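So the chains spell out like this:
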Amino acid sequence: MEYKLPVEQVINTLKEDLPTLFEKDISYQIYTQDIYFKDPVNTFKYKFNYRIIFWTLRFHARLFFTQIYFDLHEVYQSDEDTILAKWTVRGVLRVPWKAGLFFNGYSTYKLNPNNLIYEHIDTWDRKPGEILRQFWQRQEDR
């Protein structure tokens, strides 16, 4: 029988990991091997792919942005098997006109009976195309 994690430990791990996900890797022990991930542009399964998406986020953050932040507003248990995390991504692109990036979202994490996360769904407050259009705007045009 597998060890059941306390929900508070999962919440605390998310609170520690998420604000720095653009700078350093997250902890993977709170996720199942077959974790399912979906956001407006990606859908995949398995921890190996989950690790790749976070590596890709860090790589692109360093490559394309002079500043990028993941502002975590709150993380809480919304149901017996669900944790919600509300956040904002903001940054400044590495372009001469210093275009800004800004969008809000939330992550819905589903827990199995051992309180490991088996599903992570991200919801954004705007469509990917609207977020991309920010790249062509000057900071002062907003």
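Up top is the structure.
Fair warning: this is a prediction, and the values are worked out from it, not measured in the lab.

Peer 1: Which residues make up the nonpolar core, and what values do they have?
Peer 2: In summary, soluble globular proteins display a tendency toward joint burial of nonpolar side chains. With 36 residues, the main nonpolar core has L14, Y31, Y50, I83, Y109 and I117 as its most contacted residues. For this core, the elements supplying multiple residues, two or more each, are α1 (7-17), β1 (31-38), α2 (47-64), β3 (65-79), β4 (82-93) and β5 (100-111). Per-element accounting of this core gives the leading share, five residues, to β4. Discounting residues that sit within four places of it in the chain, L14 has contacts with P19, I30, Y31, L72, V75, I83, Y109 and I117.

Peer 1: Describe the pattern of salt bridges, listing the residues and the values that go with them.
Peer 2: Under the criterion given, the structure shown has five salt bridges. D25 is paired through a salt bridge with R58; the nearest N and O atoms lie 3.2 Å apart. Residue D25 is located in the loop between α1 and β1, and its partner R58 is located in helix α2; the two are separated by 33 residues in the primary sequence. A salt bridge links D71 to R90, with the nearest nitrogen and oxygen atoms 2.4 Å apart.

Peer 1: Describe in detail the packing of aromatic side chains, supporting the description with residues and values.
Peer 2: In this structure the tally under the stated criterion is 13 aromatic pairs. Judged by centre distance (5.9 Å) and plane angle (80 degrees), the rings of W87 and F103 are edge-to-face. Note that W87 is positioned in strand β4 and F103 in strand β5, a separation of 16 residues in sequence. The exposure classification of W87 matches that of F103, with both residues buried. Three or more aromatic residues joined by ring pairs make a cluster, and in this case those are Y28, Y31, F37, F44, Y50 and F54.

What counts as what
- Residues numbered from 1 in each chain as written.
- Predicted model: local features only at pLDDT ≥ 70, side-chain atom pairs only at ≥ 80, totals over all residues.
- Heavy atoms only, no water.
- Core = buried A, V, L, I, M, F, W, Y, C linked by side-chain atoms within 4.5 Å.
- Buried < 20%, exposed > 50% of the residue type's maximum accessible area, 1.4 Å probe, protein only.
- Helix = DSSP H or I, 4+ residues; strand = E, 2+ residues; numbered from the N terminus.
- Contact = heavy atoms within 4.5 Å.
- Salt bridge = Lys/Arg side-chain N within 4 Å of Asp/Glu carboxyl O.
- Phe/Tyr/Trp six-rings, centres within 6.5 Å; stacked < 30°, edge-to-face > 60°.

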